[in-house]
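What follows is the residue order along each chain.
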Amino acid sequence: MDLLWILFGAMLVFMMQAGFLCLESGLVRSKNSINVAAKNITDFIISSTLFWAFGFAFMFGDSYAGLIGTNGFFFGDDAPPLDLSIFLFQMMFCGTAATLVSGAVAERMSYHGYIITSIIISLLIYPIVGHWAWGGIVSGTTSGWLALAGFVDFAGSTMVHSVGGWVALAAIIVIGPRIGRFNDEKRHIPGSNIPIAMLGALLVWFGWFGFNGGSTLAWTDAVPGILLNTCLAAFWGGIAAIVIKYLTDGYIDISQIINGVLGGLVAITANCHAVSVVEAAFIGGIAGFIVVYSSNFLVYLKLDDAIGVIPVHLFAGIWGTIAVALFGDPAVLGTGLSKPDQLASQLTGIAAIGLYSFSVAYLLLSLINKKFPLRVSAEAELNGLNVSEHRVTTEVFDLLSAMNQQQARSDYSSPVPVEPFTEVGQIAQEYNRVIDKVQQEIQERDRAFNAFKESEYRNGAILEAAMDCIITINQQAQIVTFNPAAEQCFGITAGIVLGEDFFQLFMEEESRKLAAKNLAKGFTMGEGLVLKRQNIANLTRYDKETFPAEIVVTQTTDLNAFKKQYTLHIRDITKQVKLQNRLKLLAYNDPLTGLYNRTYLMRTLERLIVKYTETPGTVVLMFLDLDQFKRINDTLGHNAGDILLREVAKRLKRVIRDSDLVARWGGDEFVIVLSGQLDESLATKKANEILTVMRDPITLLNNELTVLTSIGIAMSINGEVNADRLLQHADLAMYQAKNNGRNTFSLFLPQMEKEAQLHSWIENELPNAMQQHQLYLQYQPKVCCVTNNIVGFEALLRWQHPEHGFVSPGEFIPVIENTNLIITVGEWVLSEVTQQLANWRDEGLPLLPIAVNISGYHLHSPTLIPYIDQCLRQRSLNPELIEIEITEGALTGNSDESINAMRALKEIHIKLAIDDFGTGYSSLSYLKKFPVDILKIDRAFVRECYSNKEDAAICKAIISLAKSLELQIVAEGVENQAQLAFLGVQGCDVYQGFYFSKAVDADKVSALLMEPADTAL
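Just so it is clear, the structure is predicted and the values come from calculations on it, not from any experiment.

Here we come to the overall build of the protein chain. Of the regular secondary structure elements, the protein chain holds 41 helices and 23 strands. Computed over C-alpha atoms, the radius of gyration of the protein chain comes to 45 Å, more than 25% over the 31 Å expected from 2.2 N^0.38 for 1017 residues, which places it beyond the range of a compact globule. Structurally, the protein chain occupies a C-alpha span of about 125 × 105 × 50 Å along its principal axes. Considering only contacts within the protein chain whose residues lie at least 6 apart along the sequence, 68% involve residues at least 24 apart. When the accessible surface of the protein chain is summed, it comes to about 47700 Å², and 56% of that surface belongs to carbon and sulfur atoms. Treating the 75 positive side-chain charges of the protein chain as one cloud and the 103 negative ones as another, the clouds have centres 8 Å apart.

This is the structure in structure tokens:
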């Protein structure tokens, strides 16, 4: 059983190698991940081989003065099973120590550097210090000088982890930080695959059970407790790292969670057999604290540890070894030392092992680095070690390499390779299309240019006739030849410029120094003007006008003076540049208004929001919609609409700052983006400026119009709201501005989003509500003010949702009142009312008129009158039993159409009522034209008519107006005797309200009709 446990522990520790491979590969950049994986297996192979040949003998052989073992080399032959098991277990420990070092120096150490470091730690460090602390474990007789002094490191907090950490520290000092690591103190080089790193951490954790549990070298009752302590320390190490990182930096760093857990595991390794569970948790928590702050300390010192090896394994290992003396049970430790003596022994061991490990590693690595550099070149590091060390490329690397080769050669005639069915392949394909376009554009002129170069020595006439500038200069940049095309291009004759310095005459001041260097080097430098390349540079004409030019430099020889001369073939590419700028303009600008388009707006908006997630600031987005723009298109034509949109663009440009952005979203919608240190007051001030400038009249096709605008404003403070949601918020606020009467602005409020969600819910649920019989009608009596008899009813729509309960008509009617759904609902009500009248007739009840509310949208529908007529005919009902109520507000929007629709209803003998009279601001002249029978006083005026002078005056005026027009008057919302008494005195005909009865279900109407009038009162 003991042998099986040791072997199982060795296998678990071996699994840690897979964990470290995943952990380190995930925490480095993808361009180095293959290199990291390869070095992991190489480290393990080398360390294990050396440990078999020499290390096990140095560590567990017969001791020489307690310093080193002397026998057991090439271990294995004739060894007993127990010794073989212990060998395999310790071989895994040695591999772990080697792996730790290479993780710290990842991304810049060469492959042979990894090998050298593995040899040093596996051959000269780990076995030697291992003998000091663990010598004699195999033989059963303590022989190492530290063990004899009472030093205890149960499973290797110092022996494995701190040793690896000391060597890692020496290595990163010798080879230095990664390129760019400390250019910006806040810069952190992120890993490429954090989920893989997390998987690696879990595999390491799982393997640690073998690391600590297997160190008993036997299956004993102590094993479960050791494993529990191991888990507790890991838990609390992770918790401490999370809490400290969040409290200090305000966010949770995934890599610190990993390192906190590993720090807890390292710290408990030395003492897991001799502490209680509470002490184990405390040790792990302190280790998490140490890991976070020691990581910050390394950054302060500008020591670049790629994956956090030193904080986790060195510092947490030291703490775990000290904790042996602070918390270890003396009876379990078995050293016979007091706590102070035990602490002294632990500190001695930490110091001795640390001094030896660091000194040997630093000395050897420094000496080797001078002869054989351990670090890759800067170019290799930038390209990535996958490519530079192993020749393993990626699609992105291949594409960038091909593009760099094109740039270096100035040869874009060959396309870059395209990898099909990948995103990189799509990028390459689009890049090739652009290059093809450019090649097609200049192909014809290049042919003429190449033909000229081939024959320039043979035919001087070509020089004179060439369309490109051909200028020869000597080694002092003096102009030797200057062809007619050059004279025309630069605006000066050859006689004036010959012998003058070309660079001084025709190059920009900031480019002259580099051009002179290029000439001195024969135009062979890697930057500036380069021989036989298509160089792009800005030149100046004689009148100091700057223009872009393509320059090809070729070398000629003056045979008489034996001096070098260079011919500059210069082509003015102003048209091509303008074409490129035009293409860019078309890509990002609206062709009608010249404003930026939606694509550019979204890119800029997303960039600004990302910017203000990093630095404080606010993005204000204004969504503008022109009011009644469709009517202008319909009446004056689309050309007038286009003129108006261009004028709007000009006005918006006048009121924004240079740093602001105005774009056309589409149709008659515009978007303005403000950014910086802004607040709500500044945003509303700018909105008022926009509304003011937009209200100025404009003349379109001899028609003077005032174009009004509705504006929605939304804000993203410190990047809290992303681009899409910010646009949605502004759009909601704009519609709120329209609902508020148009020609105004509205700030986004959170309840607008909730209302929009409610509207969406209603639009989705209402059709189902009719099918599932969730809608029903109630009937409120209309009562004669004189006799107190019921003279009719008003049908009131109700919605009882099975999950959300009662839904008020005030919530769902406004949502659908301007859609076809209001027609569907209105027809359902008409059908239900006429069917109910037929049912009451069949029951022998007296039939009284029922008022039905119809929206303005439904009133203008061509299906309204045929549908009412159909319902009445199907049930053989008198049309005078139906009253149609229309709100005053619905009639004011399109009065002429409303009058025509109402006349058509009168023709089929339907009574008409204006509901909520007094609230819609309708013209009295139109009221005279409306063919109505009834006016209903809104409850807002009835509520205090008996006590409020203004309400009393309004009620009197409405009643007087109705009487003069011979209309019946109905008062809504009568709730007490005082209201009824006042209305009766004023001559009101009919009232309805809670004073007489609330709205009731259809089956309770018969009881109301049977009650005598005095009882009802």
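Now that the structure has been shown, we can carry on.
On to the sheet that holds strand β8 (residues 618–626). Taken in spatial order, the 5 strands make up an open sheet running β9-β10-β8-β13-β14, and their pairing is mixed. Unpaired on one side and paired on the other, β9 (661–666) and β14 (745–747) mark the two borders of the sheet. Strand-to-strand twist in this sheet, taken as the mean axis angle between neighbours without regard to direction, amounts to 20°. Examined bridge by bridge, β9 and strand β10 (residues 669–676) share 5 bridges and lie antiparallel to one another. Residue pairing in the sheet places V662 in a bridge with I672 of β10.

It is worth spelling out the UniProt feature "domain: GGDEF" (unreviewed entry) in the protein chain at this point. Per the UniProt record, the feature "domain: GGDEF" (unreviewed entry) sits at residues 617–750. Secondary structure across residues 617–750 comprises 44% helix and 31% strand; the distance between its end C-alpha atoms is 21 Å.

With a phi close to 80°, E107 is a non-glycine residue in the positive phi region. Relative to the helices and strands, E107 resides in the loop between α3 (81–104) and α4 (111–134). Even without glycine at this site, N718 takes up a positive phi of about 55°. Mapped onto the fold, N718 is located in the loop between β13 (709–717) and α28 (723–739).

Scanning the entire structure with this criterion turns up 29 salt bridges. Between R178 and E107 there is a salt bridge, with its nearest N and O atoms 2.4 Å apart. Here R178 is found in the loop between α6 (157–175) and α7 (194–213), whereas its partner E107 is found in the loop between α3 and α4, with 71 residues between them in sequence. Close ionic contact of R571 with D468 constitutes a salt bridge, the shortest N to O distance being 3.2 Å.

The next point concerns the environment of I318. Its place among the elements puts I318 in helix α11 (residues 309–327). Overall, I318 belongs to the buried group, its relative accessible area being 19%. Here I318 is in contact with S162, W166 and I350, once residues within four sequence places are set aside.

The subject of this paragraph is the nonpolar core. Counting 107 residues, the largest nonpolar core has F51, Y126 and W134 as the members making the most contacts within it. Ignoring anything within four residues of it in the chain, the contact list for W134 reads M59, F60, Q90, F93, Y126, D153, F154, A155, G156, M159 and V160. With 78 residues, the next largest nonpolar core counts V833, L967, V974 and L980 among its residues.

For any pair of aromatic rings, geometry is given as the distance between the ring centres together with the angle between the planes. Taken as a whole, this structure holds 42 aromatic pairs when the rule is applied. The interplanar angle of 45° and the centroid separation of 6.3 Å between the aromatic rings of F51 and Y126 together place this pair among those described as tilted. Residue F51 is located in helix α2 (residues 30–60), and its partner Y126 is located in helix α4; the two are separated by 75 residues in the primary sequence. Judged by its relative accessible area of 1%, Y126 is buried. Taking 6.3 Å as the distance between ring centres and 80° as the angle between the ring planes, the aromatic pair formed by F490 and F502 counts as edge-to-face. You can see F490 sitting in helix α19 (residues 484–490) and its partner F502 sitting in helix α21 (residues 502–506), a full 12 residues away along the chain. Here a set of aromatic residues connected by ring pairs shows up, and it is made of F51, F56, F60, F75, F87 and Y126. One cation-aromatic arrangement involves R541 over F547; the distance from NZ or CZ to the ring centre is 4.1 Å.

Let us now look at the state of the cysteines. If you walk through the whole model with that rule in mind, you get 0 disulfides. Summary of cysteine pairing: C785 is not part of a disulfide, and the nearest cysteine sulfur, belonging to C988, is at 4.0 Å. With relative accessibility at 15%, the residue C785 sits in the buried group. Not engaged in a disulfide, the cysteine C955 finds its nearest cysteine sulfur in C945; these two sulfurs lie 4.9 Å apart. Given a relative accessible area of 0%, C955 falls into the buried group.

When the terminal C-alpha atoms of helix α24 (residues 598–614) are compared, their 25 Å separation across 17 residues agrees well with the 24 Å that a helix rising 1.5 Å per residue should span. Every buried residue of α24 is accounted for by L601, M602, T604, L605, L608, I609 and Y612. In this fold, the buried residues of α24 make contact with β8, β9, β10, β13 and α28. Residue N597 occupies the N-cap position of α24, its side-chain oxygen lying 3.3 Å from the main-chain nitrogen of T599.

With 4 bridges joining them, strand β21 (residues 934–937) and strand β22 (residues 968–971) adopt parallel strand pairing. Opposite L935, over in β22, you have I969 as the bridge partner. The pairing of β22 with strand β23 (residues 990–991) spans 2 bridges and is parallel. Of the residues in β23, the one forming a bridge with V970 is V990. Remark: the β22/helix α39 (residues 977–986)/β23 crossover connection has right-handed handedness.

Right, let's talk about the packing of α24 against α28 for a bit. Taken N-terminus to C-terminus, the directions of α24 and α28 make an angle of 110°; their axes are 9 Å apart at the nearest point. Classed by the angle they form, the pair α24 and α28 counts as roughly perpendicular. Contacts between α24 and α28 involve M602, L605, E606 and I609 from the former and A723, D724, L726 and L727 from the latter. Across the contact of α24 with α28, the residue classes tally to 6 nonpolar, no polar and 2 charged.

Another aspect to go through is a nonpolar patch on the surface. Side chains of M198, F235, W236, I239, V243, Y246, L247, I252 and I254 sit close together on the surface and give an oily, nonpolar patch of about 850 Å² of accessible area. Of the residues forming the nonpolar patch, the biggest block, 6 residues, is contributed by helix α8 (residues 222–249). In this structure Y246 comes out as partly exposed when scored by relative accessible area, which is 47%.

This part covers the packing of helix α10 (residues 277–300) against α11. Two elements in contact, α10 and α11, have axes separated by 9 Å at closest approach and are oriented at 145°. At the point where α10 passes α11, the crossing takes the right-handed sense. Note on element contacts: α11 touches α10 through I310, P311, V312, F315, A316, W319, A323 and F327, opposite E279, F282, I283, I286, A287, I290, V291, S294, S295 and L298. Grouping the amino acids of the contact of α10 with α11 by side-chain chemistry returns 15 nonpolar, 2 polar and 1 charged.

Attention shifts here to the side chain of N259. Position of N259 relative to the elements: it lies in helix α9 (residues 254–269). In contact with N259, not counting residues within four places along its chain, are V291, I307, G308 and V312.

Cut-offs and rules
- Residues numbered from 1 in each chain as written.
- Predicted model: local features only at pLDDT ≥ 70, side-chain atom pairs only at ≥ 80, totals over all residues.
- Heavy atoms only, no water.
- Helix = DSSP H or I, 4+ residues; strand = E, 2+ residues; numbered from the N terminus.
- Rg over C-alpha atoms; globule rule 2.2 N^0.38 Å.
- Contact = heavy atoms within 4.5 Å.
- Areas by Shrake-Rupley, 256 points an atom, 1.4 Å probe, with all protein chains shown as cover.
- Lys, Arg positive; Asp, Glu negative; His and termini not counted.
- Charge placed at Lys NZ, Arg CZ, Asp CG, Glu CD.
- Pairing = 2+ DSSP bridges.
- Axes fitted to C-alpha atoms, helices over the stretch in contact; angles between N-to-C directions.
- UniProt positions renumbered as here; feature names shortened; annotations may be inferred.
- Salt bridge = Lys/Arg side-chain N within 4 Å of Asp/Glu carboxyl O.
- Buried < 20%, exposed > 50% of the residue type's maximum accessible area, 1.4 Å probe, protein only.
- Core = buried A, V, L, I, M, F, W, Y, C linked by side-chain atoms within 4.5 Å.
- Phe/Tyr/Trp six-rings, centres within 6.5 Å; stacked < 30°, edge-to-face > 60°.
- Lys NZ or Arg CZ within 6 Å of the ring centre and 35° of its normal.
- Disulfide = S-S within 2.5 Å.
- Expected span 1.5 Å × (residues − 1).
- Polar contact = N/O pair within 3.5 Å; in protein donor to acceptor, adjacent residues only side chain to side chain.
- Right-handed = clockwise from strand over helix to strand, strands pointing away.
- Parallel < 35°, antiparallel > 145°, perpendicular 65-115°, else oblique.
- Nonpolar A, V, L, I, M, F, W, Y, C, P; charged D, E, K, R; others polar.
- Patch = residues over 30% accessible without salt bridge, like charges linked within 9 Å, V, L, I, M, F, W, Y side chains within 5 Å.
- Left-handed = near helix turned anticlockwise from the far one by under 90°.

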